[in-house]
Amino acid sequence: TTLLYTIKFELRYTMSRLRSFTCLLLITLATLEESSSAGRLSEDATGIDNVPEETNKDDDVTVKEEEVIELRMPNITTEDHDQYLVTPIRVDYQDAYIVGYNPKASAEAVHHILIYGCSAPHRVDEPYWVVGDMGGICDWQGNISTILWAWALDAPDFTMPENVAFHIGSNANINFLLLQVHYKYKIDSGESSGVDVVIRKQAPLHLAGIYLFATGNTKIPGHMAVNADTTCSYNEEEDMTPFAFRTHTHKLGAVVSAWREREGDWTLLGSGDPRKPQMFYLMEGATHVIKTGDLLHARCLFINHKDTEVDIGATGQDEMCNFYMMYYQTADKFKLEEGCFREQEFMVPDYAKVDFIGSHDNQPCTRCE
């Protein structure tokens, strides 16, 4: 009897221990499951709320990280008045995107500045060289040569619109930036005019280019008002959206304008007084997309109060007729456009004409209309 009682007692004790152990095990497992679930919830929450936020913050930092390429003349001197000098700088990037230009020059000495993007420069063995107005800058043999910016008359800094930039670097086949400076007078001591080119590394949604209208054969008789006209058809498949423009003439220019003509309907793209600071002005109002088959027109109105005829040419005593049009296209379909140099007279309908009030320099102009 005593033995049986002892066995029953031990059995009850063992079962009690087993129940306690099982309960403890269940509690432990539940705790582990809760911790695991909380861990997964924490990971999920981090993945949803924090990581993209941090990534976005990093992206924002990347977008705003800017570098400056200092384009400067290397303390040059000139041998004469009205000289054009060019200096190159290599672009040591596969991809970089120009988002701004900060000029470092004065109209007292500099007539105008151009920045070119080139696959290769015309010369590689000299820090700078003298050129004509448009030649001897880039190596033309099968290489890219494109205007990226222009400045005159103490124009201020220029910032590109958000998500629009000029693509430079080896992947754009633009391996050099070339600074061309047209000096008004002879420079006897070291001169270093130039431009700070602001770049970013992150690719924008749209790439930019410059479409140039220019004439070369216009003659402006004394005491006459003369139009210099260019007309071209846009035949590319990809639409082109203009967003800024700059006008350029010398002393006789009164107004420079450009239009889009579509099925007989004319739309003014931009018009400016070339005697004002020759900066790029953002186009205001509705966006005027240029499509295949559109006709593009540009006109410079010259008013000559002199007794002598003035021709288009490279010096300050000659004239120039330029309308620079910045445009953009989606980055994956971007193409550099050459511009319009086909001189052809045209008639602007009355509703699209540009008003020009007053005489040039407040002087009477016999036979000027």
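A quick note: this is a predicted structure, and the numbers were derived from the prediction, not measured.

Cut-offs applied
Residues numbered from 1 in each chain as written. Predicted model: local features only at pLDDT ≥ 70, side-chain atom pairs only at ≥ 80, totals over all residues. Heavy atoms only, no water. Salt bridge = Lys/Arg side-chain N within 4 Å of Asp/Glu carboxyl O. Helix = DSSP H or I, 4+ residues; strand = E, 2+ residues; numbered from the N terminus. Disulfide = S-S within 2.5 Å. Buried < 20%, exposed > 50% of the residue type's maximum accessible area, 1.4 Å probe, protein only. Contact = heavy atoms within 4.5 Å. Phe/Tyr/Trp six-rings, centres within 6.5 Å; stacked < 30°, edge-to-face > 60°. Pairing = 2+ DSSP bridges.

Colleague: Looking at this structure, how should I read the pattern of salt bridges?
Modeller: Side chains that differ in charge, positive against negative, can pair when their charged atoms come close. Tallied over the full model, the rule gives twelve salt bridges. Across the pair Glu 66 and Arg 200 runs a salt bridge, and its minimum N-O distance is 2.9 Å. Taken together, the positions of Glu 66 in the loop between helix H1 (2-64) and strand E1 (67-72) and Arg 200 in strand E10 (residues 194-200) put the pair 134 residues apart, joining distant regions of the chain. Put simply, Arg 72 and Asp 196 hold a salt bridge, and the shortest N to O gap is 2.8 Å. Of this pair, Arg 72 sits in strand E1 while Asp 196 is found in strand E10, placing the two residues 124 residues apart along the sequence.

Colleague: It is not clear to me how the state of the cysteines should be interpreted in this structure. Could you clarify?
Modeller: Working definition of a disulfide: a covalent bond connecting the sulfur atoms of two cysteines. Counted by the stated rule, this structure contains three disulfides. Between Cys 118 and Cys 138 runs a disulfide, and the two sulfur atoms are separated by 1.6 Å. Highlighted residues: Cys 118 in strand E4 (residues 110-118) and Cys 138 in the loop between strand E5 (129-131) and strand E6 (145-152), separated in sequence by 20 residues. There is no split in this pair, since Cys 118 and Cys 138 are both buried. Note that Cys 232 is cross-linked by a disulfide to Cys 340, the S-S spacing being 2.1 Å. Measuring handedness by torsion sign, the sulfur bridge of Cys 232 and Cys 340 sits at about 90° and is right-handed. In this pair, Cys 232 sits in strand E13 (residues 224-233) while Cys 340 sits in the segment after strand E20 (322-330), placing the two residues 108 residues apart along the sequence.

Colleague: In this structure, what is going on with the environment of Thr 159? I would like to understand it.
Modeller: With respect to the helices, strands and loops of the structure, Thr 159 is situated in strand E7 (residues 158-159). Taking the relative accessible area as the measure of exposure, Thr 159 reaches 59% and is therefore exposed. Residues in contact with Thr 159, not counting those within four places in the same chain, are Val 99 and Gly 100.

Colleague: When you look at the packing of aromatic side chains in this model, what are you seeing that I'm missing?
Modeller: Aromatic ring pairs: the centre-centre distance and the angle between the two ring planes describe each pair. Summed over all chains, the structure comprises 13 aromatic pairs. Their ring planes at 5° and their centres at 5.4 Å tell us that Phe 245 and Phe 323 sit as a pair that is stacked. Of the two residues, Phe 245 sits in strand E14 (residues 241-248) while Phe 323 sits in strand E20, which places them 78 residues apart along the sequence. Just as Phe 245 is buried, Phe 323 falls in that class too.

Colleague: Quick question: what am I supposed to make of the pairing of strand E15 (residues 253-262) here?
Modeller: Within a regular strand, side chains alternate between the sheet's two faces. With nine of its ten residues buried, E15 lies for the most part within the structure. If you look at the hairpin formed by E15 and strand E16 (residues 265-272), you'll find two residues sitting between the two strands, and Glu 263 has a positive phi there, around 50°.

By themselves, these are just geometric observations and shouldn't be taken as functional.
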